[in-house]
There are 2 protein chains.
Amino acid sequence: MKLSSRTEYGVRAMIELAEAHGGGPVAVREVAEKQGISEKYLEQLFAALRKEGLIASQRGAQGGYTLAKAPGDIRVGDIVRALEGPIALCDCLANGEDDAVCHRMGECAAHPLWVKLQDGITSILDSTTLQDMIAGASGDSANDMGGNSEEESRDEQDLP
Amino acid sequence: MKLSSRTEYGVRAMIELAEAHGGGPVAVREVAEKQGISEKYLEQLFAALRKEGLIASQRGAQGGYTLAKAPGDIRVGDIVRALEGPIALCDCLANGEDDAVCHRMGECAAHPLWVKLQDGITSILDSTTLQDMIAGASGDSANDMGGNSEEESRDEQDLP
DNA sequence: AGTAAATCCTACTGATTCGGTAGGAATTAT
DNA sequence: ATAATTCCTACCGAATCAGTAGGATTTACT
Ligand code: FES
Ligand code: FES
């Protein structure tokens, strides 16, 4: 019940890219400095994000990274999965009904709760896009956030 | 995004106690064997659960543990907190509004999401009691579980 | 009284994960 | 050519995790 710094950093970095979306590529160094993250470490996170097709790279001088899709098409869940693999709360929930689920499932009264919890988490993560975050609001579902909508709105606005 | 075996084991063990509620104390060994958990390890989990007042112990021969309250009064969230400390998804969420929250909060577009996620998790965990679990159903909220209600009902039934 | 069954307490350990460094090869705008 | 940048892979120290170990204390039962 603690999100790794991979996730924290990754999401913050992606927000940075989302805010720069439409302009040119952004260098890792720049994002790292703005967010106070180790540059070399962030480099590795970006590699993972690129491998999953969430961001695109431009090599060489003046290069950097850009979002591979519109901010509205990238869900936080996608970022988390890219950085940590499938969201599986415990081994008993071998995500995807495929294989190797717990042999105790039939008799385990806890199992339905883990399923519910995992679904809850996944649904929150997948109902929020980068667009939602930089706009200050959250995803769709009934359940809305605390409600402190800061009035400082970022500049960018893009129509692909 | 992975629950520790402390949590998994702890909850399963508490379910075991809940099912035995009303009868005499249950020894650690018995729970450990039924659930396939290391006895000595479980012993430590029980120590933590007792310290938090969720279970009570009876020392000496024929001793063991019993729930300290009715199964309906023990929420899964209580168990998790007893075993892992306050549920805080990240340091930026120094649970309880007290101190040392992130200095980046004002400018951090991710923060509201973490709050939302943490609230979601907490609310699921706190809306499910041991009673709910051994009865096969989940907590209150609109969102209900998969719905596979096994017909094997355990024996115990108690009115305190 | 004696014994066996149990909780209680604390220290240690091996493995894994985490967060981060390090160094350098390949690519590209200027 | 050069400087800026991504890319790749290996390594490292610290922390956490899951579990062991051993023994002191308490208590029911005979
Ligand atoms: S122990 Fe595997 S489903 Fe609960
Ligand atoms: S970095 Fe602390 S609130 Fe986002």
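Everything here concerns the structure above.
Values in this document were obtained by computation on a predicted structure and should not be read as measured data.

Criteria and thresholds
- Residues numbered from 1 in each chain as written.
- Chains lettered and ligands numbered in written order.
- Predicted model: local features only at pLDDT ≥ 70, side-chain atom pairs only at ≥ 80, totals over all residues.
- Heavy atoms only, no water.
- Contact = heavy atoms within 4.5 Å.
- Buried area = accessible area lost by both parts, 1.4 Å probe.
- Salt bridge = Lys/Arg side-chain N within 4 Å of Asp/Glu carboxyl O.
- Helix = DSSP H or I, 4+ residues; strand = E, 2+ residues; numbered from the N terminus.
- Nonpolar A, V, L, I, M, F, W, Y, C, P; charged D, E, K, R; others polar.
- Least-squares fit on C-alpha atoms with pLDDT ≥ 70 in both.
- Near = heavy atom within 4 Å.
- Polar contact = N/O pair within 3.5 Å; in protein donor to acceptor, adjacent residues only side chain to side chain.
- Core = buried A, V, L, I, M, F, W, Y, C linked by side-chain atoms within 4.5 Å.
- Buried < 20%, exposed > 50% of the residue type's maximum accessible area, 1.4 Å probe, protein only.

Draft legend 1. Broad picture of the interface of chain B and chain A. In this assembly, 42 residues from chain B lie in contact with 43 residues from chain A. Counting each side, the surface lost to burial between chain B and chain A is near 4,000 Å², with a carbon and sulfur contribution of 67%. Here chain B and chain A share two salt bridges between them. Measuring nitrogen to oxygen at the nearest pair gives 3.3 Å for the salt bridge that ties K2 of chain B to D91 of chain A. Counting residues per element, the ones that place at least two in the side of chain B that touches chain A are α1 (5-19), α2 (28-35) and α5 (111-126) of chain B. Ranked by the residues each element gives to the side of chain B that touches chain A, the list is headed by α5 of chain B, at nine residues. Considering only residue class, the side of chain B that touches chain A consists of 21 nonpolar, 11 polar and 10 charged.

Draft legend 2. Region of the structure containing the relation of the copies chain B and chain A. Overlaying chain B with chain A gives an RMSD of 0.0 Å, the required rotation being 180° about an axis along which the chain moves by 0.0 Å. Put plainly, the chains are arranged around a two-fold axis. Among all residues of chain B, the minimum C-alpha distance to the rotation axis is found for M1 of chain B, at 2.9 Å. Here 100% of the interface residues in chain B have copies in chain A that are interface residues too; the copies meet face to matching face.

Draft legend 3. Broad picture of the protein's contact with DNA strand C. Lining the immediate environment of DNA strand C, one finds 25 residues, of which K40 and Q44 of chain A together with E43, S57 and Y65 of chain B sit closest. Atoms of DNA strand C within 4 Å of the protein: sugar and phosphate make up 64%, bases the balance. The backbone of V28 of chain B places a nitrogen or oxygen atom 2.8 Å from a phosphate oxygen of DNA strand C. With respect to DNA strand C, the side chain of Y65 of chain B contributes an N or O atom lying 2.5 Å from a phosphate oxygen. Elements represented by at least two residues in the surface near DNA strand C include exactly α1 (5-19) and α3 (39-51) of chain A together with α3 (39-51), β1 (55-58) and β2 (64-67) of chain B. With four residues, the single largest contributor to the surface near DNA strand C is α3 of chain B.

Draft legend 4. Looking closely at the nonpolar core. Residues M14 and F46 of chain A together with M14 and F46 of chain B are the most contacted members of the largest nonpolar core, which totals 86 residues. Not counting chain neighbours up to four residues away, the residues in contact with F46 of chain A comprise A13, L17, V28, V31, I55 and Y65 of chain A.

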